[in-house]
6 protein chains.
Amino acid sequence: MFSVTVRDHMMIAHSFRGAVFGPAQRLHGATYVVDATFRRTALDADNIVVDIGAAAEQLHAVLAELSYRNLDEEAAFTGVNTSTEALAQVVADRLADEVHAGALGDGARELDGLTVTLHESHVAWASYERSL
Amino acid sequence: MFSVTVRDHMMIAHSFRGAVFGPAQRLHGATYVVDATFRRTALDADNIVVDIGAAAEQLHAVLAELSYRNLDEEAAFTGVNTSTEALAQVVADRLADEVHAGALGDGARELDGLTVTLHESHVAWASYERSL
Amino acid sequence: MFSVTVRDHMMIAHSFRGAVFGPAQRLHGATYVVDATFRRTALDADNIVVDIGAAAEQLHAVLAELSYRNLDEEAAFTGVNTSTEALAQVVADRLADEVHAGALGDGARELDGLTVTLHESHVAWASYERSL
Amino acid sequence: MFSVTVRDHMMIAHSFRGAVFGPAQRLHGATYVVDATFRRTALDADNIVVDIGAAAEQLHAVLAELSYRNLDEEAAFTGVNTSTEALAQVVADRLADEVHAGALGDGARELDGLTVTLHESHVAWASYERSL
Amino acid sequence: MFSVTVRDHMMIAHSFRGAVFGPAQRLHGATYVVDATFRRTALDADNIVVDIGAAAEQLHAVLAELSYRNLDEEAAFTGVNTSTEALAQVVADRLADEVHAGALGDGARELDGLTVTLHESHVAWASYERSL
Amino acid sequence: MFSVTVRDHMMIAHSFRGAVFGPAQRLHGATYVVDATFRRTALDADNIVVDIGAAAEQLHAVLAELSYRNLDEEAAFTGVNTSTEALAQVVADRLADEVHAGALGDGARELDGLTVTLHESHVAWASYERSL
């Protein structure tokens, strides 16, 4: 199995609902350093998993829709706790949509899976892994 | 599949028995930077894998039982080579006991698995992965 | 010259005023991974720069006053752009106050200087350096 | 499942053929920071996955055959795009040959698998995973 | 003293002349992860050292002139050993020219100094520091 | 001003005397990831600060004299608290001796200074800086 990973980041504000979140129930924010990993069984005709430049561009585009925003005010997240793990799924699913739409090229339709990891600090991170 | 990882560290002394260990047969020590990864298929009612604060506290508690000690003199390790990979299992199994005992909350009993990675330097690390 | 550095982090929301900030004029947030470096010419009687445990505790206390907050609503920052470099100074000055008040012990009053670095992502950080 | 990882690096020149590579079609180069991960279900009689010193030596030897070279002029890569993911497979397969030849000791023949990750920068890396 | 640092990277091929370089006398290559640090005594009217977005763009532009090239064939480096430390100076001097030309805004003309660090691997890096 | 840094590590056991050290008064250990930085005003005839290979070898040799040892039993440290900052000075002074003895070549005698940083964990490190 082969994989390629690209890294970018986003900076957002949000708050959580639920006693389990303690002080994070207040409006605060985070930088998420985001790793998107694309997997496939065999390399394509160019001997690659995916065009790494295109993968970086698509990741940047997906993060740009979230970055420099207060997620509490985004319609997509009404009534949703935008935890690190939940946001990892959001980023992964939006990237998967781009893959299926051909944004990473025809060859990328043969990708087997995708993992997105959001690092919220030097001591905590979360991942979501899915098939494609 | 979702996962959440928390990082902490411990500092211990120990020695190894066996020619394969070379100079590490002498009493020496290590800082282990420890990553504990908790996995589950679906998020809980709060939209999280596990209470990240509680996970960090439990990891800290497990490491505190080992840290600032000479493992050669700990009853738990009599006759045992406390290699990085063996210690990864010790930390993982103790965390699993805490999960099963409810220390991470009732929801954490639905966790599927756990991986513990111990970084012994910038050029070497070891992991142990188990189900829950 | 000797130095000791401890690392911690804080997560905040804020926004900026000024065209130079572009989309960061919107309410967003950041995780700051914070390094506090204490400097002195000669080690103390215990052969250290500063009690590293006390230094970590004081840094944590200073960051706790800022973390999980919307800095736009904090009285201390009314009318102030809380840029990464400006927040580095805030953290450094508050740590300096603690040093002068004796929170790091009497020996720490012989510290020569202090540098605080705030990492806002994997590709950008800012520092403020001052004497003590 | 247990694993042990060792890290080393190599510095090479190469170029790519194919429009997808854009400016990387020109002769350029890369530092690859290389992680080799060895996996097995149970630890051996010494309580380890593999002799970490021997693993580091073998990785170094495999990388030394590639490092400080222009891969475009190496017979092994004639007509091959030496992408990061393709080179990860080359390193993994050569390490697997060494394992099978006994270079990591008899015990290492019980290893279950191997993953090699090549970091080409702070924002991109690729992996190849195989059984042993 | 305040500073702001931005990080980017470049990938180049080159070779060295001189017995001291050993196997690096052969054509090979490197990824340089590049940190550019801008310093000034007091913050500007926006409470910043420099427009971090503009700084990142200028660093990217300077690196783009070098990246995906064989430096042995660049006129600017005829007869020059393009060591990591020498390239750090090249990047710093080109950034300084941009600062003086106003590419970072009028306020950036009050910058006091600049340091450029090139990381050639996880175990080696070089810096060049200059005034502005 | 130019600098070159090389990184290596050592693994030691030790204990501290003094109430300020808390649980670290017990025999424990540490991995120190060690960075040695060599500085000079102008590059040498080969366009370098120092032969990076020779610098790495000398650092490795200095660390080998300390590594895989219990520092409490080393004659050189009788009655000495081997704190991270104190060990940074030990490594720096021993490297300085090698520089003065010509182990880094004649050109290295023109080095201006040396800084050694010991990282004891992901959240704490110490440095010692001296002239040459």
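For the structure, see preceding data.
The rules behind each value
- Residues numbered from 1 in each chain as written.
- Chains lettered and ligands numbered in written order.
- Predicted model: local features only at pLDDT ≥ 70, side-chain atom pairs only at ≥ 80, totals over all residues.
- Heavy atoms only, no water.
- Least-squares fit on C-alpha atoms with pLDDT ≥ 70 in both.
- Contact = heavy atoms within 4.5 Å.
- Buried < 20%, exposed > 50% of the residue type's maximum accessible area, 1.4 Å probe, protein only.
- Helix = DSSP H or I, 4+ residues; strand = E, 2+ residues; numbered from the N terminus.
- Pairing = 2+ DSSP bridges.
- Buried area = accessible area lost by both parts, 1.4 Å probe.
- Salt bridge = Lys/Arg side-chain N within 4 Å of Asp/Glu carboxyl O.
- Nonpolar A, V, L, I, M, F, W, Y, C, P; charged D, E, K, R; others polar.
- Core = buried A, V, L, I, M, F, W, Y, C linked by side-chain atoms within 4.5 Å.

*Asks:* Break down the relation of the copies chain A and chain C for me, with residues and values.
*Replies:* Relating one copy of the chain to the other requires a rotation about an axis plus a shift along that axis. Overlaying chain A with chain C gives an RMSD of 0.0 Å, the required rotation being 180 degrees about an axis along which the chain moves by 0.0 Å. Taken together, the turn and the small shift mark the pair as related by a two-fold rotation axis. A share of 100% of the interface residues of chain A reappears at the interface of chain C, consistent with the copies meeting face to face through the same patch.

*Asks:* Give a description of the pairing of strand β1 (residues 2–14) of chain B that names residues and reports values.
*Replies:* In terms of burial, β1(B) is largely enclosed, as 12 of its 13 residues are buried. Sheet analysis places strand β5 (residues 124–131) of chain A next to β1(B), joined by five bridges and oriented antiparallel. Bridge pairing links A:Ala126 to B:Val4 in β1(B). Inspection of the sheet shows β1(B) paired to strand β2 (residues 28–40) of chain B by 13 bridges, in the antiparallel sense. Its bridge partner being in β2(B), B:Val6 is matched across the sheet by B:Ala36. Pairing of β1(B) with strand β3 (residues 69–70) of chain B involves two bridges; the strand directions are parallel. Counterpart to B:Ala13 in the pairing with β3(B) is B:Asn70.

*Asks:* I'd like a rundown of the interface of chain F and chain B, residues and numbers included.
*Replies:* Frequently, the measure chosen for interface size is the accessible area that the parts lose on association. Taken together, the contact pairs 23 residues of chain F with 23 residues of chain B. For the chain F and chain B pair, buried surface summed over both sides reaches about 1900 Å², with 65% attributable to carbon and sulfur atoms. Our count for the chain F to chain B interface comes out at zero salt bridges. If you list the elements that add at least two residues to the side of chain F that touches chain B, you get β1 (2–14), β2 (28–40), β3 (69–70) and β4 (113–121) of chain F. Classifying every residue of the side of chain F that touches chain B gives 10 nonpolar, eight polar and five charged.

*Asks:* Could you give an account of the interface of chain A and chain C, with specific residues and numbers?
*Replies:* With 23 residues of chain A at the interface, the matching set in chain C holds 23 residues. Carbon and sulfur atoms make up 64% of the surface buried where chain A meets chain C, a total of about 1900 Å² over both sides. The tally of links between chain A and chain C comes to zero salt bridges. Counting residues per element, the ones that place at least two in the side of chain A that touches chain C are β1 (2–14), β2 (28–40), β3 (69–70) and β4 (113–121) of chain A. Counting residues per element, the side of chain A that touches chain C draws most heavily on β1(A), which supplies six residues. Its residues assigned to classes, the side of chain A that touches chain C comprises 10 nonpolar, eight polar and five charged.

*Asks:* Residue-level account of the relation of the copies chain F and chain B, with values.
*Replies:* When chain F is fitted onto chain B, the two copies agree to an RMSD of 0.0 Å after a turn of 180 degrees and an axial shift of 0.0 Å. Most of the interface of chain F is mirrored in chain B: 100% of its interface residues are interface residues there too.

*Asks:* Which residues make up the nonpolar core, and what are the values?
*Replies:* Core analysis: the largest hydrophobic core is formed by 117 residues, its most contacted members being C:Phe38, C:Val91, E:Phe38, E:Val91, F:Phe38 and F:Val91. Setting aside chain neighbours within four positions, we find F:Val91 in contact with F:Met10, F:Val34, F:Leu59, F:Val62, F:Leu63, F:Leu66 and F:Val116. Counting residues in hydrophobic clusters, the runner-up holds 116 residues, among them A:Val4, B:Leu59, B:Ala108 and E:Met11.

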